[in-house]
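Listed below, chain by chain, are the residues.
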Amino acid sequence: MIRTPLRPLARILRARETGENPDVIERENKRLRHEAMRDRERMRAEGRLLVLGSMFVGAFFVVGMRMGALAATDPSEPRATAAGSAIMAQRADIVDRNGRVLATNLETHSLYAQPPQMVDPVAAAKGLAAIFDDLEEEELVEDFTGKRKFLWIKRKISPEQMQAVHEIGDPGLLFGPREMRLYPNGPIAAHVLGGASFGREGVASAEVIGVAGVEKHFDADLRDPARDDAPLQLSLDLTVQATVERVLHGGMTIMNAKGAAAVLMDASTGEIIALASLPDFDPNSRPRVLTEGDASDSPLFNRAVQGVYELGSVFKIFTAAQTMELGLGHAETLIDTKGPLTWGRHRIREFRNKNYGPFLSVTDVIVNSSNIGTARMAMEIGAARQQVFLKSLGFFEATPLEMVEAASGRPLLPRNWSEISTMTVSYGHGISTSPVHLAAGYASLLNGGTRVRPTLIKRDAPQVGERVVRPEVSAAARDMLRAVVQEGTASFGDVEGYRVGGKTGTADKPRPRGGGYYDDKVIATFASVFPADNPKYVLVVTLDEPVETSDDEPRRTAGWTAVPVAAEIIRRTAPLMGLRPEIEPATLEGVTLTSN
Amino acid sequence: MRSFLFVLSALAIVGLAFWAYRENYATQQSLREVRDLHDRIGAAHARLTVLNAEWAYLNRPDRLRDLVELNYERLELLPLTPEAFARLEQVAYPQPDLGPILETIETSSDGEDRP
């Protein structure tokens, strides 16, 4: 760069000659130089600002464009990022405790028609009527030739039917993919599973929604795509459930019963292993809900969960256990059983007016099923303590089972819990509960004395509930129940090797609109626990209006009806659950004691 | 020197452009493959679901029970009952068949104590 000298010699010499100050020239030149430098710096700074500004404008422009593009385009799955699993849009499966499928999905097709596109509506209608029996040809012709632009013909069709419709070859008949819920085991565990149907429907897809049972209770959970196809595992055991239903159905037929229910429950975890209610239905084609008449006549009615009945003498063990828990007596304490017991205008009598003598021990009160003895024990306990005890066993609220129907199985309690209520409740009258309530109550009382709440979901560990009775009381109650089977009313219930303990209950059915009880209609119940010395399972079997007719006189008591059915269920299911019978040592034959 | 650098960078740009062009098409090809694989995985899933459902349907307890009853003469299967359990001592093991003794060897202990 060529710098201008600050003191140009020519000008300095000329200034000296004219007598001027040469420094002025230097200052002037310095000033000019500084101004030039300043202008250059400014130009540079402005240039930088311009670049920076344009960068910002460009960046904002790009961001804005990208935002606009994202907002304007359709969303699409990011294909380039290799996700391991595609999102499962279908409803999760339901499996039993061993992973066997109880409910799954199947791809099928739905059939719909667009009449404007049809070539030969009459032939199409004729072809469809030939394929589907329930379609009327005239109605279809009317639909196809009318003003309708769109109509559904079938919700679900099989591949064979689809092929047959293809062969009609009309372009106005169209198929839409459908995912349908399939219950491969048919009516087994129908009441637990409930059923599913279609919610909102479109041509391309339809929503599958649960309509009852577990399907409805876990509806949102089963539809959640975040489950990632993990199945819902229930506590039911498919094999045991099938066996229970089979045996119960046989028992119901032999005993001429109108309905039957069975609950098999793990005494320590509260898991329901099998829950059967007969008559049942096929959840693949769920029958319609009854709009008139008694809801309990419908096969949809779940007797084990929704049906609340006065279950009768099976409640006596609770009174006996509470007597022992409160220290009012022990198993051998003698109870006054002189009858009849009169309270106001009510008279409490024994079954068939039997007389068991003036005194019975607590064990014998249970073994002989003495109403008077139980009522006397309840009078000692009192209404307040009885209510607290029954509440602690879960008899005051609906069962917490994970199905929508559970909430409707609310127990019916005496409105005014007077002393006579206390006495009748002590032997199971005046209080209506479901068989599941009873099973949970027995499990809580007999498993060592801690509360269990029934559940349909598989658990791995025992429930540790609040204590209901002391372990000794629980053991004494089990001994009493064992004695009932060995020498009492439930002698048919003794299954060799399983040490069954249990209590029978036969309660007259109340007439529907008040007015007392039927003479010839009973609810027969057998509540049992096995093995009695180390309780693993609780089984409750209830038969609705059973009659045993092998004898001249019809027999309706639980000992003749419910007990043999329960015994057969235990005999068949206990080995399936891996319970090994304790084989009594065989007696040696042909050995006589001699001495010489 | 400077012009050499210019030429070099120009060549580099041409090379990179060519590489980017090829990568672009390779990526598109891969994406097509991924889409195809996804479709096949989906189809396999659907097939698996159908097979699982069919397996469950064919193994439903009612059908198995009917089959057992139909084939009782051949299979002789019975429901599992407590009688199926036994102690080890109660199992009658089959005795090995030794067969008759044919080649006997006669031995004599005569003169044993008189060597």
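Quantities reported herein were computed from a predicted structural model and do not represent experimental measurements.

1. Looking at the packing of aromatic side chains
Residues and elements named next belong to chain A.
So, point 1. As enumerated under the stated definition, the model contains 12 aromatic pairs over all chains in all.
So, point 2. Ring geometry for Phe-150 and Trp-152: centres 5.5 Å apart, planes at 90°, overall edge-to-face.
So, point 3. Residue Trp-152 is classed as partly exposed on the basis of its relative accessible area, which comes to 32%.
So, point 4. Connected via pairs of aromatic rings, a cluster forms that spans Phe-315, Phe-318, Phe-395 and Tyr-442.
So, point 5. When the ring centre of Tyr-518 is taken as reference, the NZ or CZ atom of Lys-521 above it lies at 4.5 Å.
So, point 6. When the ring centre of Trp-560 is taken as origin, the NZ or CZ atom of Arg-555, which lies over that ring, is 3.5 Å away.

2. A look at the nonpolar core
All names here are of chain A.
So, point 1. Core analysis: the largest hydrophobic core is formed by 114 residues, its most contacted members being Phe-318, Tyr-442 and Phe-530.
So, point 2. Residues in contact with Phe-318, not counting those within four places in the same chain, are Phe-389, Leu-390, Leu-393, Phe-395, Leu-438, Gly-441, Tyr-442 and Leu-445.
So, point 3. Leu-111, Ala-125, Ile-153 and Leu-173 belong to the second-largest nonpolar core, a separate cluster that totals 17 residues.

3. Re the pairing of strand β4 (residues 173-182) of chain A
Residue and element names in this part refer to chain A.
So, point 1. In terms of residue burial, β4 counts as a mostly covered element, since 7 of its 10 residues are buried.
So, point 2. The sheet contact formed by strand β2 (residues 101-113) and β4 spans 10 bridges and is antiparallel. Across the sheet, Leu-106 pairs through a bridge with Met-180, a residue of β4.

4. Describing the interface of chain A and chain B
So, point 1. At the junction of the two partners, chain A supplies 28 residues and chain B supplies 25 residues.
So, point 2. Where chain A abuts chain B, roughly 2,400 Å² becomes buried across the two surfaces, and 63% of that area is made up of carbon and sulfur atoms.
So, point 3. For the pair chain A and chain B, the number of links is 2 salt bridges.
So, point 4. In this structure, Glu69(B) engages Arg246(A) in a salt bridge whose closest nitrogen and oxygen atoms are separated by 3.2 Å.
So, point 5. If you look at where chain A meets chain B, you find 3 residue pairs in polar contact (both at pLDDT 80 or more).
So, point 6. When contributions to the side of chain A that touches chain B are tallied by element, the ones reaching two or more residues are β2, α9 (238-254) and α17 (562-576) of chain A.
So, point 7. For the side of chain A that touches chain B, the per-class residue count stands at 17 nonpolar, 4 polar and 7 charged.

5. Some remarks on the pattern of salt bridges
Residues and elements named next belong to chain A.
So, point 1. Summed over the entire model, instances satisfying the criterion amount to 36 salt bridges over all chains.
So, point 2. We note a salt bridge from Glu-215 to Arg-181, for which the minimum N-O separation is 2.8 Å. Remark: Arg-181 occurs in strand β4 and Glu-215 occurs in helix α7 (residues 213-217); sequence separation between them is 34 residues. One exposure class covers both Glu-215 and Arg-181, and it is buried.

6. Observations regarding the packing of helix α1 (residues 9-18) of chain A against helix α2 (residues 22-72) of chain A
Residues and elements named next belong to chain A.
So, point 1. Following both chains from N to C, one finds α1 and α2 inclined at 145°, their axes separated by 8 Å at the closest point. Of α2, the residues touching α1 (which contributes Arg-11, Ile-12, Ala-15 and Arg-16) are Pro-22, Ile-25 and Asn-29.
So, point 2. For the contact of α1 with α2, the per-class residue count stands at 4 nonpolar, 1 polar and 2 charged.

7. Here we look at a nonpolar patch on the surface
So, point 1. A cluster of nonpolar side chains, contributed by Met1(B), Phe4(B), Leu5(B) and Leu8(B), occupies part of the molecular surface with about 470 Å² of accessible area.
So, point 2. Tracing the sequence through the fold places Met1(B) in the segment before α1 (2-58).

8. A closer look at unusual backbone geometry
Residues and elements named next belong to chain A.
So, point 1. Look at the link from Leu-278 to Pro-279: it is a cis peptide, with omega at -5°.
So, point 2. Looking at the secondary structure, you find Pro-279 in the loop between β9 (272-278) and β10 (309-310).
So, point 3. Cis peptide bonds are those with omega within 30 degrees of zero, and the linkage from Phe-530 to Pro-531 qualifies with -15°.
So, point 4. With respect to the element layout, Pro-531 can be found in the loop between β17 (517-530) and β18 (537-544).
So, point 5. We note that Ala-189 has phi near 60°; this positive angle belongs to a residue other than glycine.
So, point 6. Residue placement: Ala-189 occurs in the loop between β4 and α6 (190-193).
So, point 7. The phi dihedral of Ser-369 falls on the positive side, at around 55°, and the residue is not glycine.

9. Considering helix α13 (residues 383-392) of chain A
Residue and element names in this part refer to chain A.
So, point 1. Within the sequence span of α13, burial applies to Gln-386, Phe-389 and Leu-390. With its buried residues spanning 95° around the axis, α13 presents them on a single face. Exposed residues lying more than 90 degrees from the buried face of α13 are Ala-384 and Val-388.

Calculation rules
Residues numbered from 1 in each chain as written. Chains lettered and ligands numbered in written order. Predicted model: local features only at pLDDT ≥ 70, side-chain atom pairs only at ≥ 80, totals over all residues. Heavy atoms only, no water. Phe/Tyr/Trp six-rings, centres within 6.5 Å; stacked < 30°, edge-to-face > 60°. Buried < 20%, exposed > 50% of the residue type's maximum accessible area, 1.4 Å probe, protein only. Lys NZ or Arg CZ within 6 Å of the ring centre and 35° of its normal. Core = buried A, V, L, I, M, F, W, Y, C linked by side-chain atoms within 4.5 Å. Contact = heavy atoms within 4.5 Å. Helix = DSSP H or I, 4+ residues; strand = E, 2+ residues; numbered from the N terminus. Pairing = 2+ DSSP bridges. Buried area = accessible area lost by both parts, 1.4 Å probe. Salt bridge = Lys/Arg side-chain N within 4 Å of Asp/Glu carboxyl O. Polar contact = N/O pair within 3.5 Å; in protein donor to acceptor, adjacent residues only side chain to side chain. Nonpolar A, V, L, I, M, F, W, Y, C, P; charged D, E, K, R; others polar. Axes fitted to C-alpha atoms, helices over the stretch in contact; angles between N-to-C directions. Patch = residues over 30% accessible without salt bridge, like charges linked within 9 Å, V, L, I, M, F, W, Y side chains within 5 Å. Areas by Shrake-Rupley, 256 points an atom, 1.4 Å probe, with all protein chains shown as cover. Arc of directions from axis to C-beta.

By themselves, these observations are geometric and do not establish any function.
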